[in-house]
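Residue-level structure breakdown
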Amino acid sequence: MAEANQQGCLFVGEGVVLKGNFEVPDIASISGIVEGELTAKQVIIEATGIVRGKLSGESIDIRGEVNEYISSTRSLIIRSTGKVSGSINYSEIEIEKGGHLHGELHNLNPHS
Amino acid sequence: MQEQPDNFSQSDMPEEVDSEPVEQNFRSEAPVRSSINSKPSILSEGFTFEGTIVSDGVLNISGTVRGTVTAKSILIDSTGQVDGELNTENLVIKGNLKGDVNCDDLNVGPLAHVTGNINYKYIHIQRGGKISGKFNKN
């Protein structure tokens, strides 16, 4: 999907360490380490990927690790290899069996 | 002389076939008897309980419970509502839960609403389940 049109996308390969704040208009696929703030329309944290800081997006798919803060306005999926800690805000959530969740969970639209 | 052995072998065959189905019937009854022990306790829809429930077995909650519930396995059905503390190994939530949970295995269904402090070992939340509160993995 992302390979067909890479405009507006960010790919962080395994072994790469990024520090700072990143605004990604389309897809952010993280196999390395990101320290700071990352905002993207769609975020994929691969099994080797780690985000230390704030992660925001519409759809977020986590196979790796995210610490501190997550905000997802559409769907948040924590896969069986995923580890998430800190403050988590979601509108729709799915956690596969085996996924780690440690922290506070908030529903953005609890009355829907 | 050659015909006699043939007759003997034919008469032996049906006897063996008859004896086998009888043994299979006895075997199939055994597992049915053992499953009676795992019968769940049921709090039906429309039933409201206030207080403490302790069970070593399976508890199905379709009604309303306010208080403390301790059981080996708890199922909160889609019509079930629990307000209080839950201690269990195996917890399945399809309905509403407000309160503190200590469990090993937590499974939250797509229509469930869960609020509270939750301590778990293994968690599975199906898409659409509404949960909020503090989560702690043991």
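No experiment lies behind these values; they were computed from the predicted model shown.

Reading guide: rules and limits
- Residues numbered from 1 in each chain as written.
- Chains lettered and ligands numbered in written order.
- Predicted model: local features only at pLDDT ≥ 70, side-chain atom pairs only at ≥ 80, totals over all residues.
- Helix = DSSP H or I, 4+ residues; strand = E, 2+ residues; numbered from the N terminus.
- Buried ≥ 20, exposed ≤ 12 C-beta atoms within 10 Å, placed from the backbone.
- Contact = placed C-beta atoms within 7 Å.
- Rg over C-alpha atoms; globule rule 2.2 N^0.38 Å.
- Nonpolar A, V, L, I, M, F, W, Y, C, P; charged D, E, K, R; others polar.
- Pairing = 2+ DSSP bridges.
- pLDDT = per-residue confidence, 0-100.
- Core = buried A, V, L, I, M, F, W, Y, C linked by C-beta atoms within 7 Å.

Right, let's talk about the overall build of chain B for a bit. For chain B, the helix and strand inventory stands at 1 helix and 11 strands. Sequence-ordered secondary structure for chain B, helices as α and strands as β, is α-β-β-β-β-β-β-β-β-β-β-β. A total of 138 residues make up chain B; the buried ones form 24% of that total. Taking as baseline every contact in chain B between residues at least 6 positions apart, the subset at least 24 positions apart corresponds to 1%.

Turning next to the overall build of chain A. Along chain A, the regular secondary structure elements total 0 helices and 8 strands. Reading the secondary structure of chain A in the N-to-C direction produces β-β-β-β-β-β-β-β. Radius of gyration (C-alpha) of chain A: 13 Å, near the 13 Å computed for a compact globule of 112 residues. A principal-axis box enclosing the C-alpha atoms of chain A has dimensions of 35 × 25 × 25 Å.

At the junction of the two partners, chain B supplies 16 residues and chain A supplies 17 residues. Mapped by element, the contributors of at least two residues to the side of chain B that touches chain A are β10 (122–125) and β11 (130–137) of chain B. Ranked by residues supplied to the side of chain B that touches chain A, first place goes to β11 of chain B with 8 residues. Tallied by class, residues from the side of chain B that touches chain A come to 5 nonpolar, 7 polar and 4 charged. Sheet topology places strand β8 (residues 100–107) of chain A next to β11 of chain B; 3 bridges connect them, and they run antiparallel. Within the sheet, the bridge partner assigned to Glu104 of chain A lies in β11 of chain B and is Lys134 of chain B.

All names here are of chain B. With 73% of its residues at a pLDDT of at least 70, chain B reaches an overall mean of 82. Looking across chain B, the model is least confident in helix α1 (residues 3–34), with a mean pLDDT of 48, and most confident in strand β6 (residues 96–98), with 96. Note on residues 19–24: pLDDT under 50 across the span, and 0 contacts to partners over four residues away in sequence or across chains. Segment residues 28–36: pLDDT under 50, and 0 contacts once partners within four positions in sequence are set aside and those in other chains are kept.

Residue and element names in this part refer to chain A. Pairing of strand β3 (residues 33–45) with strand β4 (residues 50–62), which is carried by 12 bridges, proceeds in the parallel orientation. For Glu37, the partnering residue across the bridge sits in β4 and is Lys54. Here 12 bridges tie β4 to strand β5 (residues 65–78), and the two strands are oriented parallel to one another. Counted as the bridge partner of Val51 is Val66 from β5.

All names here are of chain B. Structurally, Lys121 can be placed in the loop between β9 (118–120) and β10. Lys121 sits in the exposed class, given 11 other C-beta atoms within 10 Å. Placed 78 residues apart in sequence, Lys121 and Leu43 show a C-alpha to C-alpha distance of 26 Å. Not counting residues up to four positions away in its chain, the partners in contact with Lys121 are Asp104, Asp105, Lys137 and Asn138.

Residue and element names in this part refer to chain A. Following the sequence through the fold, Glu92 ends up in the loop between β6 (83–90) and β7 (93–95). We classify Glu92 as buried; it has 20 C-beta atoms within 10 Å. Residues Glu92 and Leu108, 16 residues apart in the sequence, show an inter-C-alpha distance of 8.7 Å.

Further remarks concern the nonpolar core. One broad rule of soluble globular proteins: the nonpolar side chains tend to lie buried together. Residues Val43 of chain A together with Ile61, Ile74, Leu91 and Ile93 of chain B are the most contacted members of the largest nonpolar core, which totals 53 residues. The contacts of Ile93 of chain B, once residues within four sequence positions are left out, are Ile76, Val108, Gly109, Ala112 and Val114 of chain B.

This paragraph deals with the pairing of β3 of chain A. Examined bridge by bridge, strand β2 (residues 17–30) of chain A and β3 of chain A share 12 bridges and lie parallel to one another. By the bridge assignment, Ile27 of chain A is partnered in β3 of chain A with Gln42 of chain A.

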